[in-house]
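Observations on the three-dimensional arrangement
The primary structure of each chain is shown beneath.
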Amino acid sequence: NVPAGPFTLNELPGINGQGEIRLQVRDLLGREQTLTAAAYGSTALLREGLDDVAFQAGTFRERYGLRSADYGRGFASGFWRRGVSDTVTVHGAAELARGQQAGGAGATWLMGAMGEFSASAAASHQAADAVARGSSLFAASLLPSPVVSDAGARYGRAWTLGWNRRTQNWSIGGLARVASPGFRGLSDLGAVVDVAPPRRELSAFASIGTLAGSFAMGYAALTRPAA
């Protein structure tokens, strides 16, 4: 809080990860006061009461590289994020197309010096004709997809857990994701070739900044579904 009257804030500090903001306040009489506050900056967190919403709709482009302006099924997708508090943000996303649907929800939260945590769950469904349409054999040909009984419908689930902690000089984090064989993510519904995502995915990273430069290392392990 400052008294009424002109007030100028120069060089607005930027924080990425855990850090400290120091402001030096000088009044018209030349008196100075230094204010120090701990802060944590993250692009995954929103201020309490703030919403972030996006929506899009269109049609899938089919037989890319074989036909010009060949657009087929329509689709709609969107996501929504809301800051429940300054340390907790929830989110949800959905994508809909004829014979295919996917959706999920999750949250990101900050636990003080422990860092930033995230968790999410998603589900997907593909009707039998959509499963056949997404196969590489029919996606690359000029023939229409065959009619398949509803017994060939595909359902899937996926779960994700993540953690990271960032400071001004170093950062560390990891991610674990598990998906069932039939899961197709939001970005997979319009894919030309139907490729199953990894059944399990583990990744970790660490980086540090020194006077000699920045050094980083990472680890990733993917378990693909059996052929």
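Since we're looking at a predicted model, the values are computed, not measured.

Considering the overall build of the protein
Summing up its helical and strand segments, the protein has two helices and 11 strands in all. Along the chain direction, N to C, the helices and strands of the protein fall in the order β-β-β-β-β-β-β-α-α-β-β-β-β. Sorting the 227 residues of the protein into buried and exposed places 25% on the buried side. Accessible surface, the protein: about 14800 Å² in total, of which carbon and sulfur atoms supply 59%.

Observations regarding the pairing of strand β6 (residues 100-110)
Note on strand geometry: in a regular strand, side chains alternate between the two faces of the sheet. For strand β5 (residues 88-97) and β6, the ladder comprises 10 bridges, and the chain directions are antiparallel. Within β6, the position partnered with H91 by the bridge is G106. The hairpin turn running from β5 into β6, its antiparallel successor, is two residues long, and G99 in that turn takes a positive phi close to 80°. Bridging between β6 and strand β7 (residues 116-126) involves 11 bridges; their strand directions are antiparallel. Looking at the pairing, Q100 lines up with Q126 of β7. Remark: five residues form the turn of the hairpin made by β6 and β7, two consecutive strands paired antiparallel; G112 in that turn has positive phi of roughly 50°.

Side note on the pattern of salt bridges
Opposite charge on two side chains permits them to pair, given that their charged atoms come into close proximity. Scanning the entire structure with this criterion turns up three salt bridges. We note a salt bridge from D52 to R81, for which the minimum N-O separation is 3.2 Å. Remark: R81 occurs in strand β4 (residues 71-85) and D52 occurs in strand β3 (residues 51-61); sequence separation between them is 29 residues. Given the relative accessible area of 26%, D52 is considered partly exposed. For E201, the salt bridge is made with R177, and the minimal N-O distance between the two is 2.9 Å. With E201 in strand β10 (residues 200-210) and R177 in strand β9 (residues 170-179), this pair connects stretches of sequence that are 24 residues apart. For E201, a relative accessible area of 21% corresponds to the partly exposed category.

Some points on the confidence of the model for the protein
Caution is warranted with low-pLDDT regions, since their predicted coordinates should not be read in detail. Of all residues in the protein, 80% have pLDDT values of 70 or greater, and the mean over the chain is 81. Note that residues 136-149 has pLDDT below 50 and, in this model, 21 contacts with residues that lie over four places away or in other chains.

Considerations on the pairing of β10
One ladder, built from nine bridges, connects β9 with β10; its direction is antiparallel. Residue pairing for β10: L175 is matched across the bridge by S203. For β10 and strand β11 (residues 213-223), the ladder comprises 11 bridges, and the chain directions are antiparallel. Each bridged residue has a counterpart across the sheet, and for I208 the counterpart in β11 is F215. Linking β10 to β11, which pair antiparallel, is a turn of two residues.

Structural notes on the sheet that holds β9
One open sheet accounts for nine strands, arranged β3-β4-β5-β6-β7-β8-β9-β10-β11; its pairing is antiparallel. The open sheet has two edge strands, β3 and β11, and neither has a second partner. Neighbour-to-neighbour, the strand axes of the sheet open up by a mean angle of 10°, direction not taken into account.

Quick notes on the rules
Residues numbered from 1 in each chain as written. Predicted model: local features only at pLDDT ≥ 70, side-chain atom pairs only at ≥ 80, totals over all residues. Heavy atoms only, no water. Helix = DSSP H or I, 4+ residues; strand = E, 2+ residues; numbered from the N terminus. Buried < 20%, exposed > 50% of the residue type's maximum accessible area, 1.4 Å probe, protein only. Areas by Shrake-Rupley, 256 points an atom, 1.4 Å probe, with all protein chains shown as cover. Pairing = 2+ DSSP bridges. Salt bridge = Lys/Arg side-chain N within 4 Å of Asp/Glu carboxyl O. pLDDT = per-residue confidence, 0-100. Contact = heavy atoms within 4.5 Å. Axes fitted to C-alpha atoms, helices over the stretch in contact; angles between N-to-C directions.

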